[in-house]
Amino acid sequence: MLNTVSSKIKEVSKLKYKEKPFEYWGPTPDESRKIVVNKSHGLRDKRTTLKEAVAKYVKNGMNLGIGGFVNTRVPVAAVHEIIRKGVTDLTISMQSNSICTELLAGAMIVDPDRVSIKRVEMAWWGYEIIGIAPLFRYLTTNGIIEVDDYTNYGMSVRFKAAAMGIPFIPIRDHGGSDMELVNRGKMIECPFTKKNIYVVPACHPDLGIVNATASDMYGNARLFGALCTCPEIAMASNHTLLTTEQIIPTDSIRKYPNLTEIPYPAVDAVVEQPFASYPGACYGHYWFDMEHIKYFRSLGDEFRKTGNKEPLEKYYQEYVFGCETFDDYLDKIGYKTLKHLRKMDEGQPIII
Amino acid sequence: MPEYSDMEMIAYTGSRILEDEKIVFVGTGLPILAAMHAQLTHAPNLFMIYEAGSLAPLLDMGMPLSVGDTRAARKALFLKGLCAAFEMTQRGYSDYAFIGGAQIDMHGNICSTMEGPDYNKPSIRFPGSGGAGAMAANCERTIAIMALEKRRFVNQVDFLTSIGYGDGSPDYREKAGVMGSGPYRVITNQALFGFDEKTRRMMLLEVKPGLTAKDIQDKVSFELIIPPVLKEMAEPTEEDLRLLRDVIDKDGYFLKKKVQK
């Protein structure tokens, strides 16, 4: 029996909050296990289009796990297609993101009947050097979405616990901070050391979206540069939609199996999509497009400051709804820009 | 002395604090500049860890613009993901957390989540903890960079994001289940602070040449511990400024930012 204890943090800050009984914001560990057990575990050619994969796996009210980190190897192509299809009552789970979550938030502002976010379990939502995320600020300060705050390790290790098939994991942070009060973790007494230790619940998304550097047609995926939390998200999710910068032969995967960061059973759909993280970066392929991110951010900022959503609407008409596929979007961005971003990566070394 | 900006003073002071043969867990911006400067001067065997997952990169493509920037992975010695970076930290291999925030109190507790009384409807919402909460918990020592303003050096933070010494009681961090020993330095453009060992309260250590303890106390909401002898902050030399301006932040991404009022 684990004893829930307190680190007695309540007098330190000015925070007011409501205590809420624990609830899962997505599949429970048992539900998730059942789905995984009942999948085919054979090698199947999983190549498909984003349109088909999103139509199959994206459902209203789902928990969507977003891979990458801030603007690195973020699954932007999948997000565009999810917006085109539409999804309501979304729970988002992630550590840190910029463009993916702001795109979903913007879609909600443009047409809440098509896309709506109910809540987000996360560590960080912003644009780093470029500035705060205006739409996140809008949604939170108006009380439109519910937030469950963790650290980057907290969210990462919640996916990791799910990936390990365990319901919670002890962790050496959150304790003594206000995250201890507001998030769904708990302080317990360690049954062995008898000291206080914080535990966080496993996070199983219904669908994980991840962009890989390379993958074979079965979903054996290689990731270069920082892994972020992509392997854990893929393993934690009931289903994983993998976009990949390129499809590589399984012979190559078998030659260097140590390089497989996501194994095929954890992947349900494989979509070859070059520049799938654009305007984010993908190590070994392209750097991020600061100008485009700044441009999109400025539209959100204008809405936040003036309430005028017309420029945002125009952006979505032009770049999301006005495109049948992500390739159509890349066409609008243009070869010269993409070529420049490829050059800015300076050919960081990857093994294909 | 040559002319220098607030940002340059902060980066230089940060560099000065970092010791050789240590690992510093860096946040975006000035911490990276400070660590790069230290590597180029007195601490060639100091290494950086980035939360997206890289340890000891060689930043020969230039300064990463964020901790997730693919350039932060350049020629690293070890490159995994967030779990690996934070687990090395929990294990005890990260000597310094180098973080920022919106508010700090006398015990070094930092807010970077929100302002306002109500968590469910904040008056200002910041991006969130990111890695900072975990870094402040489990790196051995925490170094914070803050702008020296009354509204930032507060009696009580609105939301405690990154743990300091809590309410100041001796066993606060132990009860919180965290591993690091806690706040070590707070760097501003006008003063350098440490913490009193007995009371775990913020203590003025050094002031910018020309300023007095009162000048600093006037910009802080809580009462500072002021030692009888106050040192002056060292100022960057021509060579330090050349490194910062021409080698480290060539495009002025961070150095040309003003301290926000």
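Residues numbered from 1 in each chain as written. Chains lettered and ligands numbered in written order. Predicted model: local features only at pLDDT ≥ 70, side-chain atom pairs only at ≥ 80, totals over all residues. Heavy atoms only, no water.

Asker: I'm lost on the overall build of chain A in this one. Help?
Answerer: When helices and strands are tallied, chain A shows 13 helices and 14 strands. Against the compact-globule benchmark of 20 Å for 352 residues, chain A has a radius of gyration of 20 Å, which places it among compact chains. Overall, chain A is about 60 × 55 × 35 Å in size when its C-alpha atoms are taken along their principal axes. Burial statistics for chain A: of 352 residues in total, 62% are counted as buried. (Helix = DSSP H or I, 4+ residues; strand = E, 2+ residues; numbered from the N terminus. Rg over C-alpha atoms; globule rule 2.2 N^0.38 Å. Buried < 20%, exposed > 50% of the residue type's maximum accessible area, 1.4 Å probe, protein only.)

Asker: Where do I start with the nonpolar core in this structure?
Answerer: Burial of nonpolar side chains together is a common tendency in soluble globular proteins. Ranked by internal contacts, the top residues of the largest apolar core, which has 196 residues, are Leu104(A), Trp125(A), Tyr316(A), Phe153(B) and Phe193(B). Ranked by residue count, the leading element in this core is helix 4 (residues 99-110) of chain A, at nine residues. Residues within four places of Trp125(A) in sequence aside, it is in contact with Met94(A), Asn97(A), Ser98(A), Thr101(A), Glu102(A), Ala105(A), Ile117(A), Val120(A), Ala133(A), Phe136(A), Ile145(A) and Pro127(B). (Core = buried A, V, L, I, M, F, W, Y, C linked by side-chain atoms within 4.5 Å. Contact = heavy atoms within 4.5 Å.)

Asker: Mind showing me how you'd approach helix 6 (residues 152-164) of chain A here?
Answerer: Residue pairs spaced three or four apart in an α-helix point in one direction, given the helix's 3.6 residues per turn. Residues and elements named next belong to chain A. Between its first and last C-alpha atoms helix 6 spans 18 Å; for 13 residues at 1.5 Å apiece the expected length is 18 Å, and the two agree. Of all the 13 residues making up helix 6, 10 are buried; the element is thus mostly covered by neighbouring parts of the structure. All buried positions along helix 6 are accounted for by Asn152, Tyr153, Gly154, Met155, Ser156, Val157, Arg158, Phe159, Ala161 and Ala162. Once helix 6 finishes, Gly165 follows within two positions and takes phi at roughly 75°, a positive value. (Expected span 1.5 Å × (residues − 1).)

Asker: Help me understand the pairing of strand 10 (residues 141-145) of chain B in this model?
Answerer: In the case of a regular strand, side chains alternate between the two sheet surfaces. All names here are of chain B. Most of strand 10 is tucked away: four of the five residues are buried. Note: strand 5 (residues 96-100) against strand 10, five bridges, orientation parallel. Among the inter-strand pairings, Ala97 is bridged to a residue of strand 10, identified as Thr142. Where strand 10 and strand 11 (residues 182-187) come together, five bridges link them in parallel fashion. Counterpart to Ala144 in the pairing with strand 11 is Val186. (Pairing = 2+ DSSP bridges.)

Asker: Would you take a moment to explain the environment of Ala102(B) for this structure?
Answerer: All names here are of chain B. In this structure, Ala102 sits in the loop between strand 5 and strand 6 (103-104). When its relative accessible area of 9% is taken as the criterion, Ala102 is described as buried. Residues Ala102 and Thr142 lie 40 residues apart in sequence; the distance between their C-alpha atoms is 16 Å. With near-sequence residues (within four places) excluded, Ala102 lies in contact with Cys111, Glu115, Phe126, Met146 and Arg152.

Asker: Would you take a moment to explain the state of the cysteines for this structure?
Answerer: Put plainly, a disulfide is one covalent bond tying together the sulfur atoms of two cysteines. Inspection of the entire model under this criterion finds zero disulfides over all chains. A disulfide-free cysteine, Cys83(B) has its sulfur positioned 11 Å from the sulfur of Cys228(A), the nearest such atom. Note on Cys83(B): relative accessible area 3%, which makes it buried. Free of any disulfide, Cys139(B) has its nearest cysteine sulfur in Cys83(B), 16 Å distant. (Disulfide = S-S within 2.5 Å.)

Asker: Just checking my understanding: could you explain the interface of chain B and chain A for this structure?
Answerer: Buried accessible area, meaning the area lost when the parts come together, often serves as the stated size of an interface. Counting residues at the interface gives 64 residues for chain B and 69 residues for chain A. Of the roughly 5400 Å² buried at the junction of chain B and chain A (both faces included), carbon and sulfur atoms supply 56%. Sorting the residues of chain B by area buried against chain A places Tyr119(B), Arg125(B) and Pro127(B) first, and these three jointly supply 13% of that buried surface. For the interface between chain B and chain A, the tally reads four salt bridges. Of the charged contacts in the structure, one is a salt bridge between Lys195(A) and Glu174(B), with a shortest N-O distance of 3.7 Å. Remark: the boundary between chain B and chain A carries 33 residue pairs in polar contact (both at pLDDT 80 or more). Sorting the residues of the side of chain B that touches chain A by element identifies helix 3 (82-91), strand 9 (124-125), helix 4 (132-138) and helix 5 (172-176) of chain B as the ones contributing at least two each. In terms of residue count, helix 3 of chain B provides more of the side of chain B that touches chain A than any other element does, five residues in total. (Buried area = accessible area lost by both parts, 1.4 Å probe. Salt bridge = Lys/Arg side-chain N within 4 Å of Asp/Glu carboxyl O. Polar contact = N/O pair within 3.5 Å; in protein donor to acceptor, adjacent residues only side chain to side chain.)

Functional significance is not addressed by these values, which are geometric in nature.
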